[in-house]
Amino acid sequence: MGIKLYNTAIRDKESFKPLNNKKVGMYVCGVTVYDLCHIGHARSAIVFDVLARYLRARGYELTYVRNFTDIDDKIINKAKELGKDTKEIAEYYIKAFYEDMGRLYVERADHEPRATEFIDKMIDMVRILLEKGHAYIADGDVYFSVESFPEYGALSGRKLEDMIAGKRIKVTDKKRHPMDFVLWKSAKPGEPFWDSPWGPGRPGWHLECSVMSCHYLGPSFDIHGGGRDLLFPHHENERAQAICAYGGIFARYWVHNGFVTVESEKMSKSLGNFITIRDALRIYHPQVIRLFLLSRHYRSPIDFSKDAVNDIKSALIKAYRTLEKLEDILGPAEDIKEILLREERSEDFLGRFVDVMDDDLNTAAAVGLLFEKIKEINKKIEEKKGQWKEEISKNRAQLLKAGRILGLFKESPQEFFKEIYEKQLPMDISEIEKLIKQRQEARKKKNWKEADAIRDKLKEMGIILEDTPQGTKWRLDI
């Protein structure tokens, strides 16, 4: 069948056919580094991380570019508020971004440029737009003229006349048209600036993504991604200025992920429901957050509610208990170096996984397949029929391959449960292990009363003991 992606530009799914055979260029709008990343940033990063992993697993040679906006009004205001330099603010939050995304198993892009590294190229692009008649100067600012580009609004499905309905241009307004947008801002006192042919200033926000994407991927490339909130005006403006400056078609497939709400409300600091990734990680294991954000189709909205996340947490714990059983029976799983999914048989698990992922990256259906496979494995372990060990070994390998593409099952069961338990344990792990040792000594002395008392004490705290041939194991009753 081949991969199909929903292309916002045509508002439909279409077969994915790269410009250059198996080589794919993908640009995704990154974050503006003036604050900690929130759960909405996590969704976008995880969606495109999975898309990158999947394209590579399907045999494509991917060049993935994701930017940092490190100069912006918000960064300048944050620097003034804290009495710091804008570079210092940007560095701090870029470091925080890597820390947070690393904990969520989001892999780094191939290129992660910063806006301030491309000021000269942005000035060049503004010069080209002026020379071609797509821009004009007004009191030291440079604006893009939307009327010079007949296709303006095509990406977001808007008409220029509808966009300006009810708007009026003030006599004092420097813009010729209400929808014209700034390419170069003249410097204000006390703000960072760069010299340009139009005087000192800094680039407009939309400019950086056009310049950086075309620098790394060329004027025509395959995929441009980002959150749904960026479709207009950011992506519309990116496309307009890039096509007008460089020719080409810019991005061929526009992929947008849906919004994240919190307890059915739009996330907002004023409502007190603004959840940073760090807030979420204090409560939930990183894989719980990742699995939750993949449990709905990427284009659908998703509501970050306690009940929904806890349901995912329970499901993931059950999955890891199955992986723990498999380790007891088969030993640790082999590390997966490389995953290629090409000619998988449609009736096999990986074949079905490919089918749903090929269908517009349907991670929700893929997650469903993972849990079906886990049920199947548990049934084989319980029944112990025929060559069951060989079968569950093969099933585990398939499960881990699919999981790795989704960024799941990255940790061993021991590592996973250690972190899960640390967030909920009523006492230190060392104290639990000390009580278990005391119980073992009591059992050796056939002091069953003391051994049972210790078991009961732990049970009251939600700690369940399991006596196995490999020794006594414990888990939280969750």
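Residues numbered from 1 in each chain as written. Predicted model: local features only at pLDDT ≥ 70, side-chain atom pairs only at ≥ 80, totals over all residues. Heavy atoms only, no water.

Describing the sheet that holds strand β12 (residues 265–266)
What links the strands of a sheet is backbone hydrogen bonding, and the strands pair in either a parallel or an antiparallel sense. Strands sit in the order β12-β11-β13 across an open sheet of 3 strands; the sheet is mixed. The open sheet has two edge strands with one neighbour each: β12 and β13 (302–304). When strand β11 (residues 260–262) meets β13, the two strands line up parallel, connected through 3 bridges. The partner of Thr-261 across the bridge, within β13, is Asp-303. (Pairing = 2+ DSSP bridges. Helix = DSSP H or I, 4+ residues; strand = E, 2+ residues; numbered from the N terminus.)

With respect to the nonpolar core
Grouped together as the largest cluster of nonpolar side chains are 105 residues, with contacts concentrated most on Ile-223, Phe-304, Phe-353, Met-357, Leu-406 and Phe-409. In terms of residues, this core owes the most to one element, helix α1 (residues 39–57), which gives 12 residues. Setting aside chain neighbours within four positions, we find Leu-406 in contact with Val-50, Arg-290, Leu-294, Phe-353, Met-357, Thr-363, Ala-366, Val-367 and Leu-370. Counting 45 residues, the second-largest nonpolar core is a separate cluster that includes Val-65, Met-122, Met-163 and Leu-183. (Core = buried A, V, L, I, M, F, W, Y, C linked by side-chain atoms within 4.5 Å. Buried < 20%, exposed > 50% of the residue type's maximum accessible area, 1.4 Å probe, protein only. Contact = heavy atoms within 4.5 Å.)

Quick word on the sheet that holds strand β9 (residues 220–227)
Ordered in space as β4-β3-β9-β10, the 4 strands form an open sheet in which the pairing is parallel. Looking at the sheet topology across the chains shown, the edges are occupied by β4 (61–66) and β10 (250–257). Mean inter-strand twist for the sheet, computed between neighbouring axes without regard to direction, equals 25°. Sheet topology places β9 next to β10; 7 bridges connect them, and they run parallel. Looking at the pairing, Gly-226 lines up with His-256 of β10. In the packing of helix α7 (residues 231–246) onto the sheet, the strands contacted are β9 and β10, and the crossing angle to β10 comes to about 170°. (Axes fitted to C-alpha atoms, helices over the stretch in contact; angles between N-to-C directions.)

Let's talk about the packing of helix α11 (residues 349–358) against helix α12 (residues 363–383)
Two elements in contact, α11 and α12, have axes whose closest approach is 8 Å; the angle formed by their N-to-C orientations is 165°. Classified by the angle their axes make, α11 and α12 are roughly antiparallel. Along this stretch, α11 crosses α12, giving a crossing that reads as right-handed. Along its contact with α11, which presents Phe-349, Arg-352, Phe-353, Val-356 and Met-357, the element α12 presents Thr-363, Ala-365, Ala-366, Leu-369, Leu-370, Glu-372 and Lys-373. Its residues assigned to classes, the contact of α11 with α12 comprises 8 nonpolar, 1 polar and 3 charged. (Parallel < 35°, antiparallel > 145°, perpendicular 65-115°, else oblique. Left-handed = near helix turned anticlockwise from the far one by under 90°. Nonpolar A, V, L, I, M, F, W, Y, C, P; charged D, E, K, R; others polar.)

A few points about the side chain of Ser-156
Within the secondary structure, Ser-156 sits in the loop between β6 (141–144) and α5 (160–163). At a separation of 2.6 Å, a polar atom in the side chain of Ser-156 contacts the side chain of Glu-236. Other than its neighbours up to four places away in sequence, Ser-156 contacts Arg-11, Leu-231, Phe-232 and Glu-236. (Polar contact = N/O pair within 3.5 Å; in protein donor to acceptor, adjacent residues only side chain to side chain.)

So, α7
In this model α7 runs 21 Å from its N-terminal to its C-terminal C-alpha over 16 residues, within 8% of the 22 Å that 1.5 Å per residue would give. Most of α7 is tucked away, with 14 of its 16 residues classed as buried. At the C-terminal side of α7, Gly-247 shows a positive phi close to 75°. (Expected span 1.5 Å × (residues − 1).)

Notes on the packing of aromatic side chains
One pass over the structure, following the stated rule, counts 18 aromatic pairs. A ring pair is formed by Phe-118 and Tyr-216, whose centres lie 6.0 Å apart and whose planes are at 55°; its orientation type is tilted. Residue Phe-118 is located in the loop between α3 (86–103) and α4 (119–131), and its partner Tyr-216 is located in helix α6 (residues 205–217); the two are separated by 98 residues in the primary sequence. The partly exposed category is assigned to Tyr-216, whose relative accessible area is 28%. (Phe/Tyr/Trp six-rings, centres within 6.5 Å; stacked < 30°, edge-to-face > 60°.)

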